[in-house]
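A look at the structure
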Amino acid sequence: MASSDIARHLLYQSRLERPSSSPAEEVPDEMFLKRGDCSRSLSLSGKVGFDSLPDQLVNKSTSQGFCFNILCIGETGIGKSTLMDTLFNTRFENYEESHFESEVRLRAQTYGLQESNVNLKLTIVSTVGFGDQMNKDDSYKPVVDYIDAQFEAYLQEELKIKRSLYNYHDTRIHACLYFISPTGHSLKSLDLVTMKALDSKVNIIPIIAKADTVSKNELHKFKIKIMSELVSNGVQIYQFPTDDESVSKMNATMNGILPFAVVGSIDEVKIGNKMVKARQYPWGIVQVENENHCDFVKLREMLVCVNMEDLREQTHARHYELYRQCKLEEMGFRDNDPENKPVSLQETYEAKRQEFLNELQRREDEMRQMFVQRVKEKELELKEAERELQNKFEQLKSIHHEEKRKLDDKKKILEDEINAFSKRKSATELLQAQAFATPASINVKKDKDRKK
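Counting its secondary structure elements, the protein chain contains ten helices and nine strands. For the protein chain, the residues scored as buried account for 30% of the 452 residues in total. Taking the intrachain contacts of the protein chain between residues at least 6 apart in sequence as the baseline, contacts between residues at least 24 apart amount to 65%.

Here it is in structure tokens:
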């Protein structure tokens, strides 16, 4: 219900409860309501009960629980898992990571935590193999793609007809802890490129990891150098809000301490009469929760105790809204038409649908014309091929006739030769027969003459 509707309803109820008065004593509506959605402040004559709204919100939020998603970016072995264990005072599932990953991949793990009567669904996303490749040009792209994928999943859930956002597991990244190597000199090129690509998509909180490896003076100079490089390169990191009077002074102080120099450890060492989380070295002990040793307590206070809800709100109101706006503009949706007049979503949808149908019809016509053109070209090719085949057939046919004629001529000559050969053979056989017959007749004649 809009504020103007609520105001009109309260006005109507007050009129019902007021005693009847003369027309001259009636107060016009304009005395109670201003134009638009602005309403006039009134004093109550008795208790109504809407002062319990904050309690109702607290009870509802407590029963539903909260979700918080942290993205840890840093090189392998820089202490991401140890810091997460130290922050939430527990032991999460840790995996052995290798320095020989061929590409950067992201691993998300979700846990259910409970403190007092508050339930928290915590998701920790770690970058496996970040900065371990020889070619680090594209190391940040899988991280950007992952963050965009979570925004896209939430946007698709919002655009559904039947939405279920009340029980939807929100996987959008609320805080990005960027672990900086304690070199003591300056940021690496990979750090600047990655943070510049992510500053418009996520709340970046820079952290100097393993701060016990740098002396106090060097650490102070290193912080100044880091912030100077971030400003000169236009990298926008998360600034703790100072608009709330109750925490403005504290947050303003913490903004001047960034980046946090932290040390993580879940091992306990006995100092005096109590056990404290610390890292023990041959030369001494570094206490994790001692503010003189590192900024771990400041990080935990700012991240978990004071500004967790602001990080969630900034993710939704700033980073997600920017992604949603760009995505809808890519889809063709606008709030105003070319004449700067408001356009409803239905009108935009219908215009976009008609544009799509026109484009579809245009493509269909182009495809039909292209199909007809290709059919004609194919017919011409087939006709040309048919003519070539016909010419080749005629040519082969003429060659065949010519060869057949030559073969018939040779056959006729061969037959003549065969006939001549047969005649010569017959004459030869006759001569041979006569030759054999002549001696025999001579012998018979001689025998006759002897008898005589």
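Here the focus is the sheet that holds strand β3 (residues 118–128). Pairing is mixed in the open sheet, where six strands are placed in the order β2-β3-β1-β4-β5-β6. A strand with exactly one partner marks an edge of an open sheet, and here the two such strands are β2 (105–115) and β6 (260–261). Inspection of the sheet shows strand β1 (residues 66–73) paired to strand β4 (residues 175–180) by four bridges, in the parallel sense. Bridge assignment links C72 to a residue of β4, and that residue is L177. Set on the sheet, helix α6 (residues 216–232) makes contact with β4, β5 (204–208) and β6; between it and β5 the angle comes to about 150°.

Time to look at the packing of aromatic side chains. The relation between two aromatic rings is expressed through the spacing of the ring centres and the mutual angle of the planes. Inspection of every chain in the model, using the stated rule, returns ten aromatic pairs. Ring geometry for F151 and Y320: centres 6.0 Å apart, planes at 55°, overall tilted. Linking F151 in helix α4 (residues 141–158) with Y320 in helix α9 (residues 308–330), this pair joins segments that are 169 residues apart in sequence. An identical accessibility class is assigned to F151 and Y320; each is buried. With 5.5 Å between their ring centres and 90° between their planes, Y238 and F240 make a pair best called edge-to-face. For the pair formed by Y238 and F240, the shared burial category is buried. An aromatic cluster of three or more residues is present, and its members are F151, Y154, Y168, Y320 and Y323. Cation over ring: R172 sits above Y320, and NZ or CZ is 4.8 Å from the ring centre.

The sheet built from three strands is open, its strands ordered β7-β8-β9 with antiparallel pairing. On the outer flanks of this sheet lie β7 (268–271) and β9 (284–287), each paired with one strand and no other. Averaged over all neighbouring strand pairs, the angle between strand axes comes to 65°, with direction disregarded. Looking at chain direction, strand β8 (residues 274–281) and β9 are connected through four bridges and run antiparallel. Residue R279 lies in a different strand from β9, and its bridge partner there is V286.

What follows concerns a negative patch on the surface. On the surface, D243, D244, E245 and E313 cluster together into a patch of negative charge. Mapped onto the elements of the fold, D244 is located in the loop between α6 and α7 (245–255). Residue D244 is classed as partly exposed on the basis of its relative accessible area, which comes to 39%.

Scanning the model with the defined rule gives 23 salt bridges in all. The partner of K47 in a salt bridge is D51, with the nearest N and O atoms 3.0 Å apart. The class of K47 is exposed, set by a relative accessible area of 70%. For D409, the salt bridge is made with R405, and the minimal N-O distance between the two is 3.2 Å. Remark: R405 and D409 occur in helix α10 (residues 345–451); sequence separation between them is four residues, near one turn of the helix.

We now examine the packing of α4 against α9. Running from amino to carboxyl end, α4 crosses α9 at an angle of 80°, the nearest separation of the two axes being 10 Å. Taken together, the axes of α4 and α9 are roughly perpendicular relative to one another. Here D148, F151, E152, Y154, L155 and E158 of α4 lie close against α9, whose contacting residues are T315, H316, H319, Y320, Y323, R324 and K327.

Overall, the prediction assigns the protein chain a mean pLDDT of 82, with 85% of residues at 70 or greater. Scored below 50 in pLDDT, residues 1–35 makes 20 contacts in the model with residues more than four places away or belonging to other chains.

Reading guide: rules and limits
Residues numbered from 1 in each chain as written. Predicted model: local features only at pLDDT ≥ 70, side-chain atom pairs only at ≥ 80, totals over all residues. Heavy atoms only, no water. Helix = DSSP H or I, 4+ residues; strand = E, 2+ residues; numbered from the N terminus. Buried < 20%, exposed > 50% of the residue type's maximum accessible area, 1.4 Å probe, protein only. Contact = heavy atoms within 4.5 Å. Pairing = 2+ DSSP bridges. Axes fitted to C-alpha atoms, helices over the stretch in contact; angles between N-to-C directions. Phe/Tyr/Trp six-rings, centres within 6.5 Å; stacked < 30°, edge-to-face > 60°. Lys NZ or Arg CZ within 6 Å of the ring centre and 35° of its normal. Patch = residues over 30% accessible without salt bridge, like charges linked within 9 Å, V, L, I, M, F, W, Y side chains within 5 Å. Areas by Shrake-Rupley, 256 points an atom, 1.4 Å probe, with all protein chains shown as cover. Salt bridge = Lys/Arg side-chain N within 4 Å of Asp/Glu carboxyl O. Lys, Arg positive; Asp, Glu negative; His and termini not counted. Charge placed at Lys NZ, Arg CZ, Asp CG, Glu CD. Parallel < 35°, antiparallel > 145°, perpendicular 65-115°, else oblique. pLDDT = per-residue confidence, 0-100.

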